[in-house]
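Chain residues, written in single-letter form:
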Amino acid sequence: MGQETQLLSKSVGESLGKARTAEQKLSQVMERQTSESVEDPENDELHEAEETLAYWIDKIYRDLAILAELLGLPLLASRIVAESPPANNVTAMEPTRWDVGLRSATLGKGARLL
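This write-up is about the structure you can find in this document. All figures in this text were calculated on a predicted structure; none of them were measured in a lab. (Residues numbered from 1 in each chain as written. Predicted model: local features only at pLDDT ≥ 70, side-chain atom pairs only at ≥ 80, totals over all residues. Heavy atoms only, no water.)

1. Quick look at the overall build of the protein
Test applied: Starting at the N terminus, helices and strands are each numbered in turn, a helix being any DSSP run of H or I of at least four residues and a strand any DSSP run of E of at least two. Burial classes follow relative accessibility: with a 1.4 Å probe on protein chains only, a residue under 20% of its type's maximum area counts as buried, one over 50% as exposed, and anything between as partly exposed. Methods summary: accessible areas were calculated by the Shrake-Rupley approach with a probe of 1.4 Å, and residue burial reflects only the protein chains presented.
Helix and strand content of the protein: five helices and two strands. Starting at the N terminus, the α and β elements of the protein follow one another as α-α-α-α-β-β-α. Going through the 114 residues of the protein one by one, you find that 36% of them count as buried. Total accessible area on the protein is roughly 7300 Å²; 53% of this is exposed by carbon and sulfur atoms.

See below:
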């Protein structure tokens with residue numbers, strides 16, 4: 001494996017960690033919100049948390065597709081691109097089955113592609 005591939009693999013791992021941190025922050029922010037404040041267009045804390053998570057998820061999908069291409073796996077790269085989430089639904093959160101907090105279904109799907 002070439003140095004570029006190794007660095008990109010490391011970057012994907014680090015991005016997953018940062019995305020999980022952003023996911024936890026968004027979950028905490030959402031749990032503190034009231035129904036009125038969630039819909040408030042000036043709710044900067046919520047919007048910043050959503051944008052941060054969306055950035056990391058987009059980066060993970062993009063880096064995974066590039067990594068698959070570098071490894072000579074064009075079918076996997078095509079699948080990753082096809083399964084990339086739409087930009088408007090990337091931060092959809094759902095409760096876990098243990099009801100400990102909210103998790104990003106999109107982030108979980110991206111992690112399973114590894």
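2. Considerations on a nonpolar patch on the surface
Operational definition: What goes into a patch is any residue over 30% in relative accessible area without a salt bridge, connected to like charges within 9 Å or, for nonpolar side chains (Val, Leu, Ile, Met, Phe, Trp, Tyr), within 5 Å. Basic side-chain nitrogens of Lys or Arg form a salt bridge, by our definition, when they fall within 4 Å of a carboxyl oxygen of Asp or Glu.
A surface patch of nonpolar side chains, about 330 Å² in accessible area, is lined by Met1, Leu71 and Leu73. In this structure, methionine 1 sits in the segment before helix H1 (3-32).

3. Description of the nonpolar core
Which entries qualify depends on this criterion: Here the nonpolar core consists of buried residues drawn from Ala, Val, Leu, Ile, Met, Phe, Trp, Tyr and Cys, with membership extended through side-chain atoms lying within 4.5 Å.
Counting 18 residues, the largest nonpolar core has Leu26, Leu53, Ile60, Leu64 and Ile80 as the members making the most contacts within it. Secondary structure elements with two or more residues in this core: H1, helix H3 (44-70) and helix H4 (74-83). Broken down by element, this core gets its largest block of residues, ten residues, from H3.

4. As for the packing of aromatic side chains
Using the following cut-off: Pairs were defined over the aromatic rings of Phe, Tyr and Trp, the Trp ring being its six-membered one, requiring ring centres within 6.5 Å. Orientation was assigned from the angle between planes: stacked under 30 degrees, edge-to-face over 60, tilted for the rest.
Summed over all chains, the structure comprises one aromatic pair. Here tyrosine 55 and tryptophan 56 contribute two aromatic rings whose centre-to-centre distance is 4.9 Å and whose plane-to-plane angle is 75 degrees, an arrangement assigned as edge-to-face.

5. As for the packing of H1 against H3
To keep it simple, the criterion reads: To define axes, lines are fitted to C-alpha atoms, for helices over the stretch in contact only, and angles between the resulting N-to-C directions are given on a 0 to 180 degree scale. For classification, angles of less than 35 degrees are called roughly parallel, those exceeding 145 degrees roughly antiparallel, those between 65 and 115 degrees roughly perpendicular, and all remaining angles oblique. What makes a crossing left-handed is the near helix being turned counterclockwise from the far one by less than a right angle; a clockwise turn instead makes it right-handed. Three classes are used, and their members are as follows: Ala, Val, Leu, Ile, Met, Phe, Trp, Tyr, Cys and Pro are nonpolar, Asp, Glu, Lys and Arg are charged, and the others, Gly among them, are polar.
It is at 8 Å that the axes of H1 and H3 come closest, and there the two elements cross at 155 degrees. Here H1 is positioned roughly antiparallel relative to H3, judged by the angle of their axes. The handedness of the crossing between H1 and H3 is left-handed. Here the residues of the contact of H1 with H3 sort into 17 nonpolar, five polar and nine charged.

6. Quick notes on the pattern of salt bridges
A side chain of one charge can pair with a side chain of the opposite charge when the charged atoms of the two come close. Overall, the coordinates contain six salt bridges when judged by the stated rule. One salt bridge in this structure joins arginine 20 and glutamate 23, with 2.9 Å as the shortest N-O distance. In this pair, arginine 20 and glutamate 23 both sit in helix H1, three residues apart, roughly one turn of the helix. Using a relative accessible area of 26% as the deciding quantity, one classes arginine 20 as partly exposed.

Everything listed here is a matter of coordinates, which is why it stays silent on function.
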